[in-house]
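These are the residues of each chain, in order.
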Amino acid sequence: MSTSTISHGHNEHFDSYGKKLGMWLFLFTEVLLFGGLFIVYATYRFLNHDAFHEGSAELNLVVGAINTVVLLTSSLTVALSITAIQKGNSKRAFNLIVVTILLALAFLVNKYFEWHAKYDHGLFPGMDHFKELSTGESQFFFLYFFMTGLHAIHVIVGGILLGVIAYYIKKGTVNKDRYIYLENGGLYWHLVDVIWIYLFPLFYLII
Amino acid sequence: MSENHTEHVVDYKFNILVWMDLLIFTLITIEVAQFDLQDLTVVVALLVASVKTFLVGSYFMHLKFENRFLQAIVIGVAVIFVLVLILLFSDYLFFK
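Remember, it's a predicted structure, so these values are computed and weren't measured experimentally.

What counts, and at which threshold
Residues numbered from 1 in each chain as written. Chains lettered and ligands numbered in written order. Predicted model: local features only at pLDDT ≥ 70, side-chain atom pairs only at ≥ 80, totals over all residues. Heavy atoms only, no water. Helix = DSSP H or I, 4+ residues; strand = E, 2+ residues; numbered from the N terminus. Rg over C-alpha atoms; globule rule 2.2 N^0.38 Å. Buried < 20%, exposed > 50% of the residue type's maximum accessible area, 1.4 Å probe, protein only. Contact = heavy atoms within 4.5 Å. Areas by Shrake-Rupley, 256 points an atom, 1.4 Å probe, with all protein chains shown as cover. Lys, Arg positive; Asp, Glu negative; His and termini not counted. Charge placed at Lys NZ, Arg CZ, Asp CG, Glu CD. Buried area = accessible area lost by both parts, 1.4 Å probe. Salt bridge = Lys/Arg side-chain N within 4 Å of Asp/Glu carboxyl O. Polar contact = N/O pair within 3.5 Å; in protein donor to acceptor, adjacent residues only side chain to side chain. pLDDT = per-residue confidence, 0-100. 1 Å grid on protein atoms, 1.4 Å probe; cavity = no way out; pocket = protein on both sides within 12 Å on 5 of 7 lines; lining within 4 Å. Points joined across faces, edges and corners; volume = space filled by probe spheres on them. Nonpolar A, V, L, I, M, F, W, Y, C, P; charged D, E, K, R; others polar.

> Explain the overall build of chain B to me, please; I cannot follow it from the model alone.
Along the backbone of chain B there are three helices and zero strands. Secondary structure elements in chain B, listed N-terminal to C-terminal, are α-α-α. For a compact globule of 96 residues, the expected C-alpha radius of gyration is about 12 Å, and chain B comes in at 18 Å, more than 25% above that figure. Structurally, chain B occupies a C-alpha span of about 60 × 30 × 10 Å along its principal axes. Expressed as a percentage of the 96 residues in chain B, the buried residues total 32%. Taking as baseline every contact in chain B between residues at least 6 positions apart, the subset at least 24 positions apart corresponds to 58%. Just so you have it, chain B exposes about 6,100 Å², and 74% of that area is on carbon and sulfur atoms.

Put into structure tokens, the structure is as follows:
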């Protein structure tokens, strides 16, 4: 850690490494949040294997796959944005963040239509069709709405954070010499991507 | 104005290669799920997802270029999570 406390730019107390470490510690609490839900999923699935199979068959694989590609691509644009700012190309970094936010919106629009179809079928917890489901299937759909919903909230928060960071890049506060906010925003965004990497096969693919 | 944290610049091209790998693994996981491999299906899906996570963590999140301490705590968190899952299922399988 000795390499990290050297001063940086105008402010001698600016500690990029500390900020990054703090971000990682925060990401660990996110792992705790989603990890608990994945454990609940694993348990219910173990107890109601066939019902989870049937529930999974009702989800739209194509929409899920498209959203996977959208999120993976948005992760790429954030990573490219960091490369751009490291090379001193703020304009390109800004544009790549804007593309990322547009991809986040595309993800949410997809999610909206997907949820809407399930809602129309009365599969939202508490609705008529949901109440008639077997225990296992109702557990599946409860977890589906809860986990993808919590994930969607993270996409919204991540999008807003990236918007603020884009503003900072435009203003010059985030620049070639000091881009830890962009890095931390990127870390959050990649975590959101990683969570989806597990959600996708567990809900849409599992047979 | 020297570099503060010893930053490694991941080239544009390299990032795009990682992204292409991620897409290929996504395709693999969808294709494999079409076959009924019984209990293996979930194992294969989780393994592929973990490879993808490793790629995102190593290159997009720059963990490959971070110092040992940061790498160690991230690996530690992953190991603890896997241990919790193993303990949970050892319990279930024992009392099945």
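Next comes the rest of the account.
> Even after reading the chapter, I still don't get the overall build of chain A, so can you show me in this structure?
When helices and strands are tallied, chain A shows seven helices and zero strands. The N-to-C order of helical and strand elements in chain A reads α-α-α-α-α-α-α. The C-alpha extent of chain A, read off along each of the three principal axes, is 65 × 35 × 25 Å. The buried share of chain A, reckoned over its 207 residues, is 55%. In chain A, once contacts between residues fewer than 6 apart in sequence are set aside, the share between residues at least 24 apart is 79%. As presented, chain A carries roughly 8,800 Å² of accessible surface, and 66% of it is formed by carbon and sulfur atoms. Side-chain charges in chain A split into 13 positive and 14 negative, and the spacing between the mean points of these groups amounts to 17 Å.

> Can you walk me through the interface of chain B and chain A in this structure?
The accessible area lost on association of the parts is a frequent measure of interface size. Tallying the contact residues gives 51 residues for chain B and 58 residues for chain A. Overall, the association of chain B and chain A removes approximately 4,900 Å² of surface from exposure, summing both partners, and the carbon and sulfur fraction of that is 72%. The interface formed by chain B and chain A holds two salt bridges in total. A salt bridge links K20 of chain A to E66 of chain B; the nearest nitrogen and oxygen atoms lie 2.6 Å apart. Summed over the shared surface of chain B and chain A, the number is 10 residue pairs in polar contact (both at pLDDT 80 or more). Those elements that provide at least two residues to the side of chain B that touches chain A are α1 (12-34), α2 (40-60) and α3 (68-95) of chain B. Per-element accounting of the side of chain B that touches chain A gives the leading share, 12 residues, to α3 of chain B.

> What is the right way to look at the confidence of the model for chain B in this model?
Reading fine detail from the predicted coordinates is not recommended where pLDDT is low. All names here are of chain B. Mean pLDDT over chain B: 88, with 93% of residues reaching 70 or higher. Of all helices and strands in chain B, the one with the weakest mean pLDDT is α3 (91), whereas α1 scores best (94). Complex prediction metrics read pTM 0.90 and ipTM 0.89.

> Before we go on, may I ask you to explain the pattern of salt bridges in this structure?
Oppositely charged side chains can pair when the atoms bearing their charge come close. Under the counting rule described, the total for this entry stands at four salt bridges over all chains. Between D11 of chain B and K87 of chain A there is a salt bridge, with its nearest N and O atoms 3.0 Å apart. Remark: K87 of chain A occurs in the loop between α3 (61-86) and α4 (90-120) and D11 of chain B occurs in the segment before α1; the pair is interchain, linking two chains. For K87 of chain A, a relative accessible area of 44% corresponds to the partly exposed category. The network of salt bridges with common partners includes K20 and E183 of chain A together with E66 of chain B.

> Mind showing me how you'd approach the layout of surface pockets here?
If a probe the size of a water molecule is rolled over the atoms, the empty space left behind becomes visible. Of the pockets and cavities examined, the largest pocket occupies roughly 1,700 Å³. For the largest pocket, the lining is made up of 47 residues, of which Y198 of chain A together with S50, F81, V82 and L85 of chain B are closest to its centre. For the lining of the largest pocket, the secondary structure elements donating two or more residues are α1 (16-47) and α7 (180-205) of chain A together with α2 and α3 of chain B. Class assignment of the residues belonging to the lining of the largest pocket gives a composition of 34 nonpolar, eight polar and five charged.

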